[in-house]
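Chain by chain, the residues:
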Amino acid sequence: MTPSIFHNAVVTGACGGLGQALARELIGAGARVALVGLQRPALDALAALAPERCAVYQPDVSDTTALQAMAADWMERFGVPDLVIANAGVAGGFDTVQASDLAVMRRMLEINLLGVATSFQPFLEAMRASGQRGALVGVASLAGWRGMPGNGAYCASKAGLIAYLQSLRAELRPTAITVHTISPGYMRTALTTGNRFAMPGLMEADEAARRLLAGVAAGNEHIVLPRRIGWLSRTLNLLPARLHDRILLGQPRKPRAGEPGSTDIPGLK
């Protein structure tokens, strides 16, 4: 484990998958880490790796008041972060025909899109005032590059996130704060366990975390994991829309809430 250039980090969605892997890497590199998530046992296990440098928080990332209270507590105890990773997210199938799925879409937008802004906002003014180098990292997805059948809610939330990060990056150009958009492909996490289709380039979370942190440290504003899947996605997007849609329609869809293999969405159980 090599020392990180980041010394004070906040990681949302730290309970498992990529978020947990990122937290482990940062803790192992000697950083102070705010562990944000909903599953207390998983967070406590991470904090036990370096209790003097970690704190556990369990806000809903769409709750502005809760995120502001978390940020105030962290900065009072450990100082202003130089890295905020908004990783918390949910996924699942979506069918506009089903009225019940409208609540699924609302919740995905709350967590995957609004949750990134609510994670950044409480830290941003203090980070700007510090004058030190800082990084805001939003974990989007290749699914945000193009809408996919049966996955409209997730694709919309990630496409919106990519646009939001573009806007924020432009706004912060005059400052020492950089904004990074992460577009993972398929990763072996709880969110992909129910997928019934081929997942080319499937990555392990630990490898993805190392590449992500290295890319952010190098100043890369757009990071695709793995890179070759980004090339494949760009190639497919060159196809005529009708042909691309036909290819996608031939693939199994991601399970909707309540279907076998589905991923439960917090607040919709």
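The structure we're discussing is the one just above.
Residues numbered from 1 in each chain as written. Predicted model: local features only at pLDDT ≥ 70, side-chain atom pairs only at ≥ 80, totals over all residues. Heavy atoms only, no water.

1. Let's talk about the overall build of the chain
(1) Moving on: The number of helices and strands found in the chain is eight helices and seven strands.
(2) Moving on: Buried residues in the chain amount to 48% of all 269 residues.
(3) Moving on: A separation of at least 24 residues holds for 66% of the contacts in the chain among residues at least 6 apart in sequence.
(4) Moving on: Split by element, the accessible area of the chain, about 12400 Å² in all, is 54% carbon and sulfur. (Helix = DSSP H or I, 4+ residues; strand = E, 2+ residues; numbered from the N terminus. Buried < 20%, exposed > 50% of the residue type's maximum accessible area, 1.4 Å probe, protein only. Contact = heavy atoms within 4.5 Å. Areas by Shrake-Rupley, 256 points an atom, 1.4 Å probe, with all protein chains shown as cover.)

2. Brief notes about the sheet that holds strand β7 (residues 222-225)
Adjacent strands of a sheet pair through backbone hydrogen bonds, lying either parallel or antiparallel.
(1) Moving on: The strand order across the open sheet built from seven strands is β3-β2-β1-β4-β5-β6-β7, with neighbouring strands paired in parallel fashion. On the outer flanks of this sheet lie β3 (54-57) and β7, each paired with one strand and no other. Each strand of the sheet is rotated relative to its neighbour by a mean of 15 degrees, with strand direction disregarded.
(2) Moving on: Here three bridges tie strand β1 (residues 8-12) to strand β4 (residues 83-86), and the two strands are oriented parallel to one another. Bridge pairing in β4 places Ala9 opposite Leu83.
(3) Moving on: Set on the sheet, helix α3 (residues 64-78) makes contact with β1, β2 (32-36) and β3; between it and β3 the angle comes to about 165 degrees. (Pairing = 2+ DSSP bridges. Axes fitted to C-alpha atoms, helices over the stretch in contact; angles between N-to-C directions.)

3. As for helix α1 (residues 17-28)
(1) Moving on: Counted at 1.5 Å a residue, the expected span for α1 with its 12 residues is 16 Å, and the 17 Å between its end C-alpha atoms agrees.
(2) Moving on: By the burial criterion, the buried members of α1 are Leu18, Gly19, Ala21, Leu22, Ala23, Glu25, Leu26 and Ile27.
(3) Moving on: A positive backbone phi angle near 95 degrees is found at Gly30, which sits one or two residues after α1. (Expected span 1.5 Å × (residues − 1).)

4. A few points about the pairing of β3
(1) Moving on: Of the two faces of β3, the one carrying Cys54 and Val56 and the one carrying Ala55 and Tyr57 are both buried.
(2) Moving on: As judged from the four bridges shared by β2 and β3, these two strands associate in the parallel manner. For Ala34, the partnering residue across the bridge sits in β3 and is Ala55.

5. Brief notes about the environment of Gln166
(1) Moving on: Tracing the backbone shows Gln166 in helix α5 (residues 152-171).
(2) Moving on: Overall, Gln166 belongs to the partly exposed group, its relative accessible area being 44%.
(3) Moving on: For the pair Gln166 and His180, spaced 14 residues apart in sequence, the C-alpha to C-alpha distance is 8.9 Å.

6. As for the packing of helix α4 (residues 101-130) against α5
(1) Moving on: Running from amino to carboxyl end, α4 crosses α5 at an angle of 25 degrees, the nearest separation of the two axes being 7 Å. When the axes of α4 and α5 are compared, the pair comes out roughly parallel. Seen along the crossing, α4 lies across α5 with a hand that is right-handed. Packed against α4, whose contacting residues are Met105, Met108, Leu109, Asn112, Leu113, Val116, Ala117, Phe120 and Leu124, the element α5 presents Ala153, Tyr154, Ala156, Ser157, Lys158, Gly160, Leu161, Tyr164, Leu165 and Leu168 at the interface.
(2) Moving on: Looking at the contact of α4 with α5, its residues break down into 15 nonpolar, three polar and one charged. (Parallel < 35°, antiparallel > 145°, perpendicular 65-115°, else oblique. Left-handed = near helix turned anticlockwise from the far one by under 90°. Nonpolar A, V, L, I, M, F, W, Y, C, P; charged D, E, K, R; others polar.)

7. Considering the packing of aromatic side chains
(1) Moving on: Taken as a whole, this structure holds one aromatic pair when the rule is applied.
(2) Moving on: Plain terms: the ring middles of Trp74 and Phe78 are 4.2 Å apart, the flat faces sit at 25 degrees to each other, and that makes the pair stacked. Of this pair, Trp74 and Phe78 are both found in helix α3, four residues apart, which corresponds to roughly one turn of the helix.
(3) Moving on: For Trp74, a relative accessible area of 0% translates into the label buried. (Phe/Tyr/Trp six-rings, centres within 6.5 Å; stacked < 30°, edge-to-face > 60°.)

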